[in-house]
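Spelled out, the chains give:
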Amino acid sequence: MAVFKGMVAAGHEEVAFFQDAETGLQAIVAVHSTVRGPGIGGVRIRDYRDEAEALTDVLRLSEAMSYKAACAGLDCGGAKAVVMGPFPNDRAAGMHALAGFVERLSGRYIATEDMGMNESDIALLNEVTRYAVGRSLADGGSGDPSPHTAQGVVVGMRSALRAAGMSADFEGLRVAVQGCGNVGFGVIERLIAGGAEVLASDIDAAAVERARVAGACIVDNDDILSADVDVLAPCGVGAILSEQSIARLQAHVIAGAANNQLATDADAARLAERGIVYAPDFVINAGGLINVADEVDPHGYNATRVAGRVAAIETTLDHIFAESAHTGRTSAQTALDMAHSRIGQASR
Ligand code: NAD
């Protein structure tokens, strides 16, 4: 495994491998940048094929967290942990071992939830380390991140509509939402409340039914990407914007919550060539991170401050689209440039 090669390529500060003899837990923590503050990022528990696959995932995900935090203007950096599944049967013992790993990083890494984790796991981590956030509201934490992510998507969509030369008013707007889960459903509810006509799809029958009851028109998941709409909001899985799907898009704007929507870097240019305005995923979906990162504030979580920062996603995107129009660089590249520049500025 060429660990240093990967670290140097993306500028990671630190990669730590941990193992706990008692529980058998094995984890890798990658701290991409602490220039703007401690690296915040979720713990992903997955049955990785091997260490190389886990390492690739943790390097990629931690780097993305730095860019998301920087574009959101947060005083924190990017990091991530991956745990080699299956997780020990004794959940509490496994979480305590994981918390011990986190504690050894002395606050350079602050853990939160990702795939395979939930709020009660964060509470278990907190029994050993204070460097874990994402507790429930009842526990004095920041609670469910999804409504904040959904709100960020909706305000970001307005910016993207203006960039496409369209009205930012949702009345009569046609939006296709792929994925009606925690975030997608929140997006659907907000759009319908604003007067939009929503087409929605999901692979899960219960999620589809909930969206239908909320007033969405359900379409086949195979047809959602090419639906005749103004906006496509990907809120399910990543890598859905590919050479093939982009050729079939009818939407003028892409604005959704899913992570890593572009199948390859070249797809940003493909969208631009077709005149489709793309709201970079790691900018528009930062609401959840903004919410959870607020727990780290020395004065404690503040819902008003969170709402202000989520609302600011709209102006951040305004800036990115204006800069992109000025330079001719894609919106995705412009957002990356913004992140690099902010991380660079903070280090001076
Ligand atoms: P979720 O698991 O609650 O919902 C995802 C939904 O997408 C589910 O209903 C699932 O059935 C559906 N889905 C899965 N594969 C699909 C496919 N191929 N086609 C259509 N639907 C599909 O997850 P979520 O929290 O709503 O997150 C949605 C997306 O947003 C994910 O990509 C996630 O990484 C990203 N995201 C979420 C947050 C957050 O705050 N929850 C923050 C940032 C990014």
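Going by the structure above, here's the rest.
Report on the accompanying structure. (Residues numbered from 1 in each chain as written. Predicted model: local features only at pLDDT ≥ 70, side-chain atom pairs only at ≥ 80, totals over all residues. Heavy atoms only, no water.)

## Thoughts on the state of the cysteines
Formally, a disulfide is one covalent bond, and it connects the sulfur atom of one cysteine to the sulfur atom of another.
Next, step 1: The tally for this structure, following the rule as stated, stands at zero disulfides.
Next, step 2: Free cysteine: Cys-71, not disulfide-bonded; nearest cysteine sulfur from Cys-76 at 12 Å.
Next, step 3: A residue is classified by how much of its surface remains accessible, and Cys-71, at 3% relative accessible area, is buried.
Next, step 4: Lacking any disulfide linkage, Cys-180 is separated from the closest cysteine sulfur, that of Cys-235, by 8.5 Å. (Disulfide = S-S within 2.5 Å. Buried < 20%, exposed > 50% of the residue type's maximum accessible area, 1.4 Å probe, protein only.)

## Some words on the nonpolar core
Next, step 1: Counting residues in hydrophobic clusters, the biggest one holds 86 residues, and the most contacted among them are Tyr-109 and Met-157.
Next, step 2: Top element by residues in this core is helix 5 (residues 146–163). It accounts for seven residues.
Next, step 3: The two domains that each donate at least three residues to this core are domain 1 (2–64 + 77–136) and domain 2 (146–287 + 315–342).
Next, step 4: Residues contacting Tyr-109, with those up to four places away along its chain left out, are Val-29, Val-31, Gly-39, Gly-41, Gly-42, Val-43, Ala-79, Lys-80, Ala-81, Val-102 and Tyr-131.
Next, step 5: Among the nonpolar cores identified, the runner-up in size contains 19 residues, and Ala-176, Ala-251, Ala-268 and Tyr-278 belong to it. (Core = buried A, V, L, I, M, F, W, Y, C linked by side-chain atoms within 4.5 Å. Helix = DSSP H or I, 4+ residues; strand = E, 2+ residues; numbered from the N terminus. Domains from an automatic or database assignment. Contact = heavy atoms within 4.5 Å.)

## Regarding the layout of surface pockets
Next, step 1: Of the pockets and cavities examined, the second largest pocket occupies roughly 250 Å³.
Next, step 2: In terms of lining residues, the second largest pocket is bounded by 15 residues, among which Ala-272, Ile-276, Val-277, Ser-324 and Ser-331 are the most central.
Next, step 3: Elements represented by at least two residues in the lining of the second largest pocket include exactly helix 9 (266–273), strand 11 (277–278) and helix 13 (313–327).
Next, step 4: Residue composition of the lining of the second largest pocket, by class: nine nonpolar, five polar and one charged. (1 Å grid on protein atoms, 1.4 Å probe; cavity = no way out; pocket = protein on both sides within 12 Å on 5 of 7 lines; lining within 4 Å. Points joined across faces, edges and corners; volume = space filled by probe spheres on them. Nonpolar A, V, L, I, M, F, W, Y, C, P; charged D, E, K, R; others polar.)

## A few points about the pairing of strand 5 (residues 109–113)
Next, step 1: Summarising burial for strand 5: four of the five residues are buried, a large majority.
Next, step 2: Sheet analysis places strand 3 (residues 39–46) next to strand 5, joined by five bridges and oriented parallel. Along strand 5, the bridge assignment pairs Ile-40 with Ile-110. (Pairing = 2+ DSSP bridges.)

## Overview of the environment of Ala-99
Next, step 1: As for its placement among the helices and strands, Ala-99 is situated in helix 3 (residues 91–104).
Next, step 2: It is 46 Å that separates the C-alpha atoms of Ala-99 and Val-229, two residues lying 130 residues apart in sequence.
Next, step 3: Every residue in contact with Ala-99, bar those within four places of it in the chain, is listed here: Leu-125, Val-128 and Thr-129.

## Quick word on the sheet that holds strand 5
Next, step 1: Across the sheet, five strands lie side by side as 1-2-4-3-5; this open sheet has mixed pairing. Edge positions in the sheet fall to strand 1 (14–19) and strand 5, since each has one partner strand and no second. Neighbour-to-neighbour, the strand axes of the sheet open up by a mean angle of 25°, direction not taken into account.
Next, step 2: For strand 3 and strand 4 (residues 77–84), the ladder comprises six bridges, and the chain directions are parallel. When the sheet's bridge partners are listed, Gly-39 is paired in strand 4 with Gly-77.
Next, step 3: Of the strands in this sheet, strand 1, strand 2 (26–33), strand 3 and strand 4 touch helix 2 (residues 51–71), which is tilted by about 155° from strand 4. (Axes fitted to C-alpha atoms, helices over the stretch in contact; angles between N-to-C directions.)

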